[in-house]
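Spelled out, the chains give:
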Amino acid sequence: MRRLRQLAERTPADRERYVDLLRAVAITAVVLGHWTVAVIGHDAAGRPTGRSALPDLPWAYPLTWLVQVMPVFFVVGGFANTASLAAQRARGGDAADWLLDRSARLVRPTTVLVLVLAAGALVARLAGVDPSLTRTVVWFATVPLWFLAAYLLVVPLTPLTYALHRRYGPAVPLVLAVLVGLGDLARLADRPGLAVGNYLFGWLAVHQLGYAWYDARRGVGLRFPPTRRLGWALLLGGVATLVALTTVGPYPVSMINIPGERLDNAAPPSLALLVLATAQVGLVMVLRDPAERWLRRPGPWQAVIAVNAVVLTVFLWHLSAAILLVGGLDAVGLLPTPPVGSPAWFAWRVPWLLMLSAVLAVLVAVFGPVEARTGRRSVLASTGRRSARGEPTARPRSLERRDGPGSRDPGAGPGPRDPGAGPGPRDPGAGPGPRDRPPGRRHPPPRIRAGLAVTGFVAVVAALAVNAVTPRHAAEPLGLPVPALVAYLAGAGVLRLLREWPGTRGPTPPGSPR
């Protein structure tokens, strides 16, 4: 608590705290949503099984417009990815430096999950457990990686897509939305293979909206000033359009995939999901001022800091917590399996969520330090902060402490953060920067380094995608498909090698996005 108070007290007055709140709310909503709709039963062999309750609760489909908050996460990503990239360039770094920093914050905690699950599957295999059963357990535990793969696909494109935004503005997400619509037409024509690009086009379109927010924060490129009136227009117009698309139009009401629907709205993103994102951006604009006032209070802001410090860990491990709880309750014969929608099922939601929270808290206590150390290693001894318009400003030397309360972004989180950055001495543990390169030490040329960094990201994304599409009952002795596991470790290894290579890392902005 003392450290939280120190971090809260040292938060720059012009920090965009709303970004941190939205990130925390988005991930928390995903976690609670997955837990709440979980249905636990038993298969023919008496083993626990799990599925979503949504197909049995059609009255709840409109509620998914509120709980499908991944678009908010990507909008926040667009804002803070751009802010951190600008700060990196302001200190003399390049896009490769920025990308390697992102890889540390996103890939390192993910690697821990992958290795722990693979090791657990190997132990189960040696104990004689059916590989198809092991795969089923690992498949459920890695469901969060599907969303992370989509984000990792978008991040390396930030320098390019932001340059397109600066030149063409709103035309970029509009073109991407048209491409998404064409993909939807292909799906309606029973040509789903032609809609694979929607995974990229859809999330890129949402990510671009964050760029407009960032520019508005800096007071540049204001084609549409971000007023509450505009927010209401986007919210009401988006909801009205969404109603039309899901009643008169061909899109399902649920923004979370329901088996048997002709179209899925989330995988891949549909035009209806982009309209939902527009409405959510409007709601974000409407609530921004009261939320910012609320976040000026010490208690709420300290809570946001605490959640963001381990938010990637929470996201990655929340379904593993469910698996552990179900397995434990089943082992002692105390696993309730009431019918979906029954009074008993609804009553069971309360203790179910409380117990899941307790199990997840243990997992976060065990694995959260990995995420925290990742943040600390990339902190400068002397940090800077951003002015109200987003330009870096120097921090006083009185705050030049390694990992001190003033040297770390209070809103540390897995997704994009709005960093403060300024020139100054580097953290002794952060590795040599571009101007401190040891004489005589070779390092990859900039273009090769950038190419290798992108290749590492591509390998990681491809591995996560292969794991997601591999059937849950496949006989995988390591839980994850072996080619996917090899590709993931190779990509993560390349990124780590580049980060540790002498002279390949420049100064890293404190509190930069993960």
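Source: prediction; values computed, not measured.

Calculation rules
Residues numbered from 1 in each chain as written. Predicted model: local features only at pLDDT ≥ 70, side-chain atom pairs only at ≥ 80, totals over all residues. Heavy atoms only, no water. Phe/Tyr/Trp six-rings, centres within 6.5 Å; stacked < 30°, edge-to-face > 60°. Helix = DSSP H or I, 4+ residues; strand = E, 2+ residues; numbered from the N terminus. Buried < 20%, exposed > 50% of the residue type's maximum accessible area, 1.4 Å probe, protein only. Contact = heavy atoms within 4.5 Å. Polar contact = N/O pair within 3.5 Å; in protein donor to acceptor, adjacent residues only side chain to side chain. Patch = residues over 30% accessible without salt bridge, like charges linked within 9 Å, V, L, I, M, F, W, Y side chains within 5 Å. Areas by Shrake-Rupley, 256 points an atom, 1.4 Å probe, with all protein chains shown as cover. Salt bridge = Lys/Arg side-chain N within 4 Å of Asp/Glu carboxyl O. Lys, Arg positive; Asp, Glu negative; His and termini not counted. Axes fitted to C-alpha atoms, helices over the stretch in contact; angles between N-to-C directions. Parallel < 35°, antiparallel > 145°, perpendicular 65-115°, else oblique. Left-handed = near helix turned anticlockwise from the far one by under 90°. Nonpolar A, V, L, I, M, F, W, Y, C, P; charged D, E, K, R; others polar.

(A) Fine view of the packing of aromatic side chains. In this structure the tally under the stated criterion is 15 aromatic pairs. Between Trp146 and Tyr199, the aromatic rings sit 5.2 Å apart at their centres with planes inclined by 90°, giving edge-to-face as the arrangement. Placement of Trp146 in helix α7 (residues 144-154) and of Tyr199 in helix α10 (residues 198-218) is noted, with a sequence separation of 53 residues between them. Note on Trp146: relative accessible area 27%, which makes it partly exposed. Looking at Tyr199, the relative accessible area reads 24%, which means it is partly exposed. With 6.2 Å between their ring centres and 70° between their planes, Tyr162 and Tyr214 make a pair best called edge-to-face. Here Tyr162, found in helix α8 (residues 158-168), pairs with Tyr214, found in helix α10; they are 52 residues apart in sequence, far enough to count as distant. Tyr162 sits in the buried class, given a relative accessible area of 11%. For Tyr214, a relative accessible area of 2% gives the class buried. These aromatic residues form a ring-pair network of at least three members: Tyr18, Phe79, Tyr162, Tyr211, Trp213 and Tyr214.

(B) Seen up close, the environment of Tyr18. Secondary-structure assignment places Tyr18 in helix α2 (residues 17-36). C-alpha of Tyr18 to C-alpha of Trp294: the two residues are 276 residues apart in sequence and 9.8 Å apart in space. Setting aside residues no more than four positions away along its own chain, Tyr18 makes contact with Trp213, Leu283, Val284, Leu287, Arg288, Ala291, Glu292 and Leu295. Separated by 2.9 Å, the side chain of Tyr18 and the backbone oxygen of Val284 make a polar contact.

(C) Structural detail: α8. Buried residues of α8: Thr158, Pro159, Thr161, Tyr162 and His165, and no others. The first or second residue beyond α8 is Gly169, which carries a positive phi of 60°.

(D) The arrangement of a nonpolar patch on the surface in detail. A cluster of nonpolar side chains, namely Trp59, Leu63, Leu66, Val67, Ile256 and Phe346, defines an oily patch on the protein surface of about 580 Å² accessible area. Residue placement: Trp59 occurs in the loop between β2 (48-52) and α3 (64-67).

(E) Spatial organisation of the side chain of Arg499. Inspection of the secondary structure puts Arg499 in helix α17 (residues 482-500). Lacking a salt bridge, the buried Arg499 has Glu500 as its closest oppositely charged neighbour, with an N-O distance of 5.1 Å. Among the polar contacts listed, one links the side chain of Arg499 to the side chain of Ser103, at a separation of 2.8 Å.

(F) Expanded view of the packing of α2 against helix α13 (residues 298-309). For the pair α2 and α13, the least separation of the axes is 9 Å and the interaxial angle reads 60°. Regarding the angle of α2 to α13, the classification is oblique. Note that α2 runs across α13; the crossing there is left-handed. Between α2 and α13, the contacting residues are Arg17, Asp20, Leu21, Arg23, Ala24 and Thr28 on the first element and Trp301, Val304, Val307 and Asn308 on the second. Of the residues that constitute the contact of α2 with α13, the class distribution is five nonpolar, two polar and three charged.

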